[in-house]
Protein chains: 4
Amino acid sequence: MRDFIFPVRVYYEDTDVVGVVYHANYLKFMERARTEWLRALGYEQDILIHEQGMLLAVSSIAVEYKKAARFNDLLQVAVMGIKLGRVTLTFEQRITRPGDREEQEIITTGHVKVASLDAITFRPKPIPQQLRQDLESAS
Amino acid sequence: MRDFIFPVRVYYEDTDVVGVVYHANYLKFMERARTEWLRALGYEQDILIHEQGMLLAVSSIAVEYKKAARFNDLLQVAVMGIKLGRVTLTFEQRITRPGDREEQEIITTGHVKVASLDAITFRPKPIPQQLRQDLESAS
Amino acid sequence: MRDFIFPVRVYYEDTDVVGVVYHANYLKFMERARTEWLRALGYEQDILIHEQGMLLAVSSIAVEYKKAARFNDLLQVAVMGIKLGRVTLTFEQRITRPGDREEQEIITTGHVKVASLDAITFRPKPIPQQLRQDLESAS
Amino acid sequence: MRDFIFPVRVYYEDTDVVGVVYHANYLKFMERARTEWLRALGYEQDILIHEQGMLLAVSSIAVEYKKAARFNDLLQVAVMGIKLGRVTLTFEQRITRPGDREEQEIITTGHVKVASLDAITFRPKPIPQQLRQDLESAS
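Presented here is a report on the structure given in the accompanying data block.

Thresholds applied
- As a convention, each chain's residues are numbered from 1 in the sequence order in which they are written.
- Labels follow written order: the first chain is A, the first ligand is 1, and so on.
- Side-chain atom pairs in this predicted model are given and counted only at pLDDT of 80 or more, local residue features only at pLDDT of at least 70, and totals for whole chains, interfaces and linings cover all residues.
- To get the side-chain values, take all heavy atoms of the structure and skip hydrogens and water.
- Residue contacts follow a heavy-atom distance rule, with two residues in contact if any of their heavy atoms lie within 4.5 Å.
- Two parts lose some accessible area (1.4 Å probe) when they are put together, and adding that loss for both gives the buried area.
- Here, a salt bridge means any side-chain nitrogen of Lys or Arg that lies within 4 Å of a carboxyl oxygen of Asp or Glu.
- In protein, a polar contact requires one atom able to donate a hydrogen and another able to accept it; more generally it is a pair of N or O atoms within 3.5 Å, and residues adjacent in sequence count only if both atoms are side-chain atoms.
- Every helix listed is a DSSP run of H or I at least four residues long, and every strand listed is a run of E at least two residues long, numbered separately from the N terminus.
- Three classes are used, and their members are as follows: Ala, Val, Leu, Ile, Met, Phe, Trp, Tyr, Cys and Pro are nonpolar, Asp, Glu, Lys and Arg are charged, and the others, Gly among them, are polar.
- If DSSP finds at least two bridges between two strands, the strands pair.
- In this description, a line fitted to the C-alpha atoms serves as the axis of each element, helices being fitted only across the stretch in contact, and the angle between N-to-C directions of two axes falls anywhere from 0 to 180 degrees.

## Side note on the interface of chain D and chain B
How big an interface is tends to be expressed through the accessible area that disappears when the partners come together.
Part 1: Listed as interface residues are 18 residues of chain D and, on the opposing side, 17 residues of chain B.
Part 2: Of the roughly 1,800 Å² buried at the junction of chain D and chain B (both faces included), carbon and sulfur atoms supply 44%.
Part 3: It is Tyr 11, Tyr 12 and Glu 13 of chain D that lose the most area in chain D upon contact with chain B, and together they represent 34% of the buried surface on that side.
Part 4: Here chain D and chain B share two salt bridges between them.
Part 5: Across the pair Glu 13 of chain D and Arg 32 of chain B runs a salt bridge whose closest N-O atoms are separated by 2.8 Å.
Part 6: The tally of links between chain D and chain B comes to 10 residue pairs in polar contact (both at pLDDT 80 or more).
Part 7: Mapped by element, the contributors of at least two residues to the side of chain D that touches chain B are strand 1 (4-9), helix 1 (25-40) and helix 2 (45-52) of chain D.
Part 8: Broken down by element, the side of chain D that touches chain B gets its largest block of residues, six residues, from helix 1 of chain D.
Part 9: Within the side of chain D that touches chain B, the residues separate by chemical class into six nonpolar, three polar and nine charged.

This is the structure in C-alpha cells:
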C-alpha cells in the first residue's frame, strides 16, 4: 500500500514540562491517523458501531521514541502497512517531521495491533466481509 | 459545610511546555475532588447511572487562574460550598499549594455548575430525593 | 472582525464514558483555534517566546456547555471577537456543529481571557507594539 | 525486588465513549507509578533535573491490553522489576483490578524503557553514581 499521511499540529495540550510531546500523546496521534485512514476507505467508526455492532480496540502497542517533537511542530503521521488477521488488524505507523533539506526526521515508530470486538459484549468478532475486502484492496 | 480537601499530585502528564499545569487540566483536578466528595457521602457515580438512571454533567464553569502550579507540586483541591437547585448543583472550588510558612497559595478558583441528567435521554432530571437530602445535610 | 473558524474532529481521545466530549477537552479545542487564528495573522507562539520573550497564558475562562458533542463529530471552533487590554486579550469563542438543515447547533460558548507574560519571570508584560497593531487591525 | 504498588482511581477524564479507559491513558498510570516508586526511594524528579541536570525520558514502550478497566475502578499499578543499563532503566509494570474473590484481574502489562538524558542537551547521560546504587539496592 502507499503510505497514508495525516498531518498533526503539536499544541500546548500535547507538550510537557520537558518541552516536548508527552510520550502517551503520540498514541493519540497514531489513532487519529488510523481513524482518518479508515475514513478515507469509506468507514466511519461510529457507523461501524451502530450498524455493524463492531468496534476496534487496541490490543497491543510497541512504540520506539527516537526524537522529540516540540510545541508547534507540524508532524506527519503515517499508516504504512497493515496486516489482516481473522479478528485483528496490525498497523505499522511512523511519525515524522519535515527537516531542513527535504528529508524527514523520524520521531516515533509504532506497531499497533487492533482487535475487532462485538460492541456489546466486547468479545472478539470476525471482521465483517465487506470491510475485510476493502482493507485487503487497500493493503 | 466544612471544606472537603482532596490531594492531587502534578505529574508530567499534567504539565505543558511552559513548565506549568496546562489550563484545561485544572478542570480534571476539580472533577476528581467532586467525585471524591460524592464518594465520601456514600455515592458512587457508576451506581447512580446504573441504578438511578442519572448522571451528572458539567453545564457551566468559571475559572480564575491566579498562580501556576508546577511539576511535582502536591496540590489540595477543595470543594468549599454547594448550592442545590431542582436539577443543578453549583460548587465553589479552590486549588491551593502549601506555602513555605503554613499559609496556602491560591492557584485556581472555580465556580462549577453541574446538571442532573437522565442517563439515557440526557434531559434534565430532578435530583433524586435521598441524594438531595444527603447533599442538603452535607452543605 | 469576521469570525475565524477552525475545524476540529472529535476522536476517541476526546470522549468519555458518557459518550460525549469530556468537558475539559473543549478548552483544548478553543486553544487550538486561538493558536490558528494567531498563526493566520502571522504569529507563531514558539517564535513569540524565543524572539520576543513573551508567552500567552490563560488567566480566566467562562464556558457554557449547551449541547454535547459526540465521537466523530466535525466541529467548528470559532474566534468571534477579541478585546485588547494593555497586557490582556479577551476572546469570545463558540463551538458549533453543522445541523441537518444548514443551521449550526451551538455546542459550547466561551469567554477566555489571556495574559501576555514575560517568558522567564511569568510577570505581566505589555503586548509588543507590532503585535498590538496587528491584533487591532484584525479585531 | 518486592512489587511496588500505586493505586489509581479511574475518573471520567480517563475513559472514552466505548466505556473503558482510553488506551493511551494507561501509559499515564504507569508513569505515575514509576514516579512514586522513585519518590519512595527518595528521588524527586524536579530535583534530579535542577540539581543533577538529568531527566528521565521514555525511549520505548510495549504494552499488552488484556482486559478493559472501567469508570470508577480502583486499579493497582505495579512496578515489578527493573533492569539497569549504563544510561537506561527498563521497568516491568502491571495494572490489575481487585477481583471478586481476592484474585487480581490483569488489565495491562507494560515493558517500559527509560533513558537518562542531560536536561539541557537531551543527550544520553550516565545514571549518577548515587542514584545507580540506590536503584541497585532497590532492584
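## With respect to the sheet that holds strand 3 (residues 74-84) of chain D
In sheet architecture, strand pairing relies on hydrogen bonds along the backbone and comes in two forms, parallel and antiparallel.
Part 1: The strand order 1(A)-3(A)-4(A)-5(A)-2(A)-2(D)-5(D)-4(D)-3(D)-1(D) describes an open sheet built from 10 strands, whose pairing is antiparallel. If you trace the sheet from one side to the other, it starts and ends with strand 1 (4-9) of chain A together with strand 1 of chain D, each paired once. The mean inter-strand angle of the sheet, taken between neighbouring strand axes irrespective of direction, is 30°.
Part 2: Bridge count between strand 2 (residues 54-65) of chain D and strand 5 (residues 104-118) of chain D: 11 bridges; the pairing is antiparallel. Following the sheet pairing, Leu 56 of chain D is matched in strand 5 of chain D by Ser 116 of chain D.

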